[in-house]
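Each chain, written out:
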Amino acid sequence: MSKLITRRSVMAAGAAGAVGTLTTLPISMVRLAFGGTRDDFTFTYISDAHIQQIKGASFVRNWDMGLKRAVAEANLVRPESDFVMFGGDLAQLGKKDELDHGGEILSHLSPKMHCVMGEHDYYLDLGEYWSKLYGPQYYSFDHKGVHFIVLNSILTTDDWTFHRWPSAEQRMLEMAGLDNPNGSPFMVGEKQRAWLKENLAKISHETPIVVFSHSPLQKIYKGWNFWTDDAEEVQALLQPFNSVNVIYGHVHQIQYNQIGNISFNSVMATAWPWPYPQSYAQAESHLPVLTVPMNRGDPFFERDATGWQLIDVNSGRVAARYQLWDNDPRTVAFDQKQGRPVDLAFQEPTNRRPPQTHY
Amino acid sequence: MAKRMQSGALLMALVGFTTVAAGRSGAEPLGLPPVPIPADNPQTPEKIALGNKIFHDARFSGDGTVSCSTCHADEKAFTDGPRKTSRGIRGQFGTRNAPTVINSAYFHTLFWDGRASSLEDQSQNPPLNPIEMGLSSFEPFLKVVREDPAYAAAFNKVFNVSGAAITIEHVKQAIGSYERTLISGDSPFDRWYFQHDPMAISDTAKRGFEVFVGQGRCVSCHVIEQDQALFTDNRFHNIGVGINKIQADTPRLAAEFLNAKAAGASVDKAVLSDPKTSDLGRFAVTTHFDEIGAFKTSTLRNIAVTGPYMHDGSLKTLKDVVKHYNDGGKSAGDPSINPYLSGGIRPLNLSEQQMDDLVAFMETLTSPAYVNAKTKEGDAAP
């Protein structure tokens, strides 16, 4: 359910002692734990739409519907979000037609949008067309006292990128596969790390920092490229700051972690969940080849286990409210006492809902 | 959603529903489970008779012309077919199609948007709605039942109250008790499926059943279980009816509605007086984005005699309904699909034959008592 705010979530937030207690979509001046005051605000995060061309003007209906629904619901948020992040993988195979079709759907968003590069947007033409649509692949901006940084974390070695494959199409396909021995680990790379170091040099250590990347800036599972090879080097640049938050897409599931001073939160996909359980489609589904199955809450509903999120950094740390279709909403927010993000509903094994078998 | 169903079940447990019908033999009609009876409102023959009388009493309206049975007429399978939306006091039309009362005892929530949690809760809304029965308060009707000797005697017998001690709560309980007797199974489908009588339905209908549980994807929401079939999941889904017309307006309508609701506006009055607000569906009750344009899954029992269909009565025939689903939630003549569409709705690629079979199957769901319901165009108006 995309219930934005519920009494239960407010109570849960209070009970967990987590930041971002959810009395309403907050517009107020708050006193921050690290001193000073600034405006509260919320931004919307939509990610991993994987718009996929079948042929000509025919695109995969399911992925289209996920992105359309996220955009339509994002436009209902009141007060309006300050901005929308799109977290990468707008396209499935980096095609101009896919980026155009997805861009057309995103163009209906009322708030201003910032974009992150995903590997599915990149490896056909190395981001050329995407950059025409959305501008630089790494950049920063400041908003109401928070320093936001966008990285292109899905780069890899020059050898793999430029010298390995006979065609751009094959390069794209190889990077799109899971458990693919022909793939190559993602990295931010030396050039961007140098840029990041310089960018951060101007920022006070008290300023809350939010980094957007497509792949996790931490190492989770190499076989699926839930991985950034130079994650430690990027983390080292971020550790000196008091409040650092990394938000990433790519994984199509809810993840959260704390490494030193850095909080990590993932965002959901609008297309399909990883590791994807098959939906009860009774029709060709266009899902990538299954490698590891997982139960899903309600397989009849194609949108189940996908969604979008509303995020605030009102405490200087991320509180992510997941709007999950045909499902209960979830909130992952930073717990000051424990010093790490917690899921407000699913912290204890006894609170977890067992998966359901659908006949 | 699953969580919500759990909390619904929990609520029923807390309220103390029992599954043994007081005053009944326990032998339910073929194809139906025992009727859930709330612990605080046990069935008695006198209470049922009192509820029956109130249900048919037009003094329950502002000008003495409209009773519950005006829109839920006995001879029309407790609907007002073939009307698309119901006609209330002073000739006013509401925004919603009158659902049948038959088997509503099994619903977890009442009204198309589930804004009432029980039959008792439901029964208090139409009398006060200015479009429906138009009472400004319950007092005029309570005066009637307190002073009318037959009513006074009945309330005394059933609830052991008289005079000012008779309240709307007693009225609600009596109506709820009566409505819990309007249950009906034993359809040809039930005789075929649960009693294994191969002659009960036609081969066409049997093929339609295969579509119903297979390619048509109907059974995922219109549930059939091993030993009974209510043909509803008691959930709410955006299937592209009503909402399709207001897509461009939805952000404005949703924001305006939320503001009005926050300022104290009545959901009941808002949704029945404005067709566009009505089309926001379950969202008006819960304010969940996920339920914009979503309405309760109807039971399919007696569906062939309870048209027209959908919350707004916009689909005239069962074939129209099947075509709507087959087109993946597109409205006839409108190529757009609303972005809030349920993830369970997609094009079905059914052939004309399969669609006709499906209609034939649904026609086997009529109980013997309602085969001759007068709900078609040309049937005599009440």
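So, how was this worked out
Residues numbered from 1 in each chain as written. Chains lettered and ligands numbered in written order. Predicted model: local features only at pLDDT ≥ 70, side-chain atom pairs only at ≥ 80, totals over all residues. Pairing = 2+ DSSP bridges. Helix = DSSP H or I, 4+ residues; strand = E, 2+ residues; numbered from the N terminus. Axes fitted to C-alpha atoms, helices over the stretch in contact; angles between N-to-C directions. Core = buried A, V, L, I, M, F, W, Y, C linked by C-beta atoms within 7 Å. Buried ≥ 20, exposed ≤ 12 C-beta atoms within 10 Å, placed from the backbone. Contact = placed C-beta atoms within 7 Å. pLDDT = per-residue confidence, 0-100.

Considering the sheet that holds strand β3 (residues 42–46) of chain A
Residue and element names in this part refer to chain A.
Here is step 1: Spatially, seven strands are ordered β7-β6-β3-β14-β15-β16-β17 in an open sheet, and the strand pairing comes out mixed. What marks the edges here is a single partner per strand, and that holds for β7 (113–115) and β17 (340–343). Shown here is a sheet whose adjacent strand axes are inclined to one another by a mean of 20°, direction ignored.
Here is step 2: Both β3 and strand β14 (residues 307–312) contribute to a ladder of four bridges, which runs antiparallel. Opposite Phe 43, over in β14, you have Ile 311 as the bridge partner.

Re the nonpolar core
Here is step 1: Judged by nonpolar contacts, the single largest core of 157 residues is most densely connected at Val 210 and Val 211 of chain A together with Met 362 of chain B.
Here is step 2: Ranked by residues supplied to this core, first place goes to helix α2 (residues 61–74) of chain A with seven residues.
Here is step 3: Sequence-distant contacts of Val 211 of chain A, that is, excluding residues within four places in its chain, are made with Ile 149, Leu 151, Leu 217, Leu 238 and Val 246 of chain A.
Here is step 4: Membership of the second largest hydrophobic core comes to 17 residues, among which are Ile 54, Val 145, Val 171 and Tyr 178 of chain B.

Details of the confidence of the model for chain A
Here is step 1: In this model, chain A carries an average pLDDT of 85, and 80% of its residues clear a pLDDT of 70 or more.
Here is step 2: The low-confidence segment residues 1–35 of chain A (pLDDT under 50) makes 85 contacts with residues lying over four places distant or belonging to another chain.

Remarks on the environment of Gln 124 of chain B
All names here are of chain B.
Here is step 1: For Gln 124, the location among the structural elements is in the loop between α4 (119–123) and α5 (125–128).
Here is step 2: Sequence separation between Gln 124 and Phe 111 is 13 residues, and the spatial gap between their C-alpha atoms is 12 Å.
Here is step 3: For Gln 124, the residues in contact, after removing those within four places along its chain, are Ile 168 and Lys 172.

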